[in-house]
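What the coordinates show
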Amino acid sequence: MCPISTSSAHLPGGLILVVEDDPLILEFLCEILQEEGFKVEPQTSADAASVYLEEHAPEVALLLTDITMPGTLNGADLANLVGERWPDKPVMVMSGYETPETSGVKHPVAFIKKPWAIGQLLDCVDGAFKSKAPRLH
């Protein structure tokens, strides 16, 4: 297995939009990703994240969102929005209760079940980036 920190190498300046309504989990996610060299933009709701995406989508290299959140939009709605508007942008969803299929996600996404270990999280982030990386033939 290659070191996980290489995942940011092919997307220099890439930003991970992290969406989680639990402030402690949000802070922990951001710390883990920043330690791996990623820039992060924390948002506490899918509604706030969708507003952020409208203004900053070109800067966002990956969406990492929880599925179950309060507000008008949940994480599945946000994943679908990104899949429709920015189909080349990788999306990673996480949940302790649902799966992308049961929550109504309509586009291919990386999925991690809560609770996760740090290594699992980083492997999933790496896989999400690789899923949308340009293919060399």
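Since this is a predicted model, take the numbers as computed values, not measurements.

So, on to helix 1 (residues 23-35). In a regular helix each residue adds 1.5 Å, so 13 residues correspond to 18 Å; helix 1 covers 18 Å between its end C-alpha atoms and thus fits that length. Buried within helix 1 are the following residues: L26, L29, C30, I32 and L33. Taken around the axis of helix 1, the buried residues stretch over an arc of 160°, which confines them to a single face. Facing away from the buried side of helix 1 by over 90 degrees, the exposed positions are P23, L24 and E35. Along its buried surface, helix 1 packs onto strand 1 (15-19), strand 2 (39-43), strand 3 (60-66), strand 4 (91-95) and helix 5 (118-131). Between the side-chain oxygen of the N-cap and the backbone nitrogen of L24 there are 2.9 Å, and the N-cap of helix 1 in question is D22. After helix 1 finishes, the residue G37 shows a positive phi value of roughly 95°.

Before going further, it helps to spend a moment on the packing of helix 2 (residues 46-56) against helix 3 (residues 75-85). Closest axis-to-axis distance for the helix 2/helix 3 pair is 9 Å, and the angle between their directions is 20°. Taken together, the axes of helix 2 and helix 3 lie roughly parallel to each other. The two elements helix 2 and helix 3 cross, and the hand of that crossing is right-handed. Seen from helix 2, the contacting residues are A46, A49, S50, L53 and E54; seen from helix 3, they are G75, L78, L81, V82 and R85.

Before going further, it helps to spend a moment on helix 2. When helix 2 is considered as a whole, its buried residues turn out to be A46, A49, S50, Y52 and L53. End-on view of helix 2: buried residues confined to an arc of 160°, all on one side of the axis. Opposite the buried face of helix 2, at more than 90 degrees from it, the exposed residues are V51 and E55. Summarising the contacts, the buried residues of helix 2 are in contact with strand 1, strand 2, strand 3 and helix 3.

This part covers the environment of G127. Relative to the elements of secondary structure, G127 occurs in helix 5. Between the alpha carbons of G127 and F111 there is a distance of 9.9 Å; along the sequence they are 16 residues apart.

In terms of residue burial, strand 4 counts as a mostly covered element, since five of its five residues are buried. Across the two faces of strand 4 the burial is the same, with V91, V93 and S95 and M92 and M94 all buried. With four bridges connecting them, strand 3 and strand 4 associate as parallel partners. When the sheet's bridge partners are listed, T65 is paired in strand 4 with V93. The pairing of strand 4 with strand 5 (residues 110-113) spans four bridges and is classified as parallel. Residue M92 lies in a different strand from strand 5, and its bridge partner there is A110.

Definitions and limits used
- Chains are numbered independently. Their residues run from 1 in the order of the written sequence.
- It should be noted that, the model being predicted, local features are given only for residues of pLDDT at least 70 and side-chain atom pairs only at 80 or more, the latter also being counted only at that level, while totals for whole chains, interfaces and linings use all residues.
- Only hydrogens and water are removed before side-chain values are computed, so all heavy atoms of the structure are retained for them.
- Helix numbering and strand numbering both begin at the N terminus, where a helix is a DSSP run of H or I of at least 4 residues and a strand a DSSP run of E of at least 2.
- Take the residue count of a helix, subtract one, and multiply by 1.5 Å to get its expected span.
- Here's how the labels work: a residue is buried when its accessible area is under 20% of the maximum for its type, exposed when over 50%, partly exposed in between, all with a 1.4 Å probe on protein chains only.
- This arc is built from the directions going out from the helix axis to the C-beta atoms.
- Any two residues whose heavy atoms approach within 4.5 Å are treated as being in contact.
- For the purposes of these results, a polar contact is taken to be a pair of N or O atoms within 3.5 Å, where, inside protein, one atom must be able to donate a hydrogen and its partner to accept one; residues adjacent in sequence count only when each atom of the pair is a side-chain atom.
- Throughout, an axis means a line fitted to C-alpha atoms (over the contacting stretch in the case of helices), and angles, computed between N-to-C directions, take values from 0 to 180 degrees.
- An angle counts as roughly parallel when it lies under 35 degrees, as roughly antiparallel when it exceeds 145, as roughly perpendicular when it falls between 65 and 115, and as oblique in every other case.
- Less than a right angle of anticlockwise turn of the near helix away from the far helix marks a crossing as left-handed, whereas a clockwise turn marks it as right-handed.
- When DSSP locates at least two bridges between a pair of strands, those strands are taken to pair.

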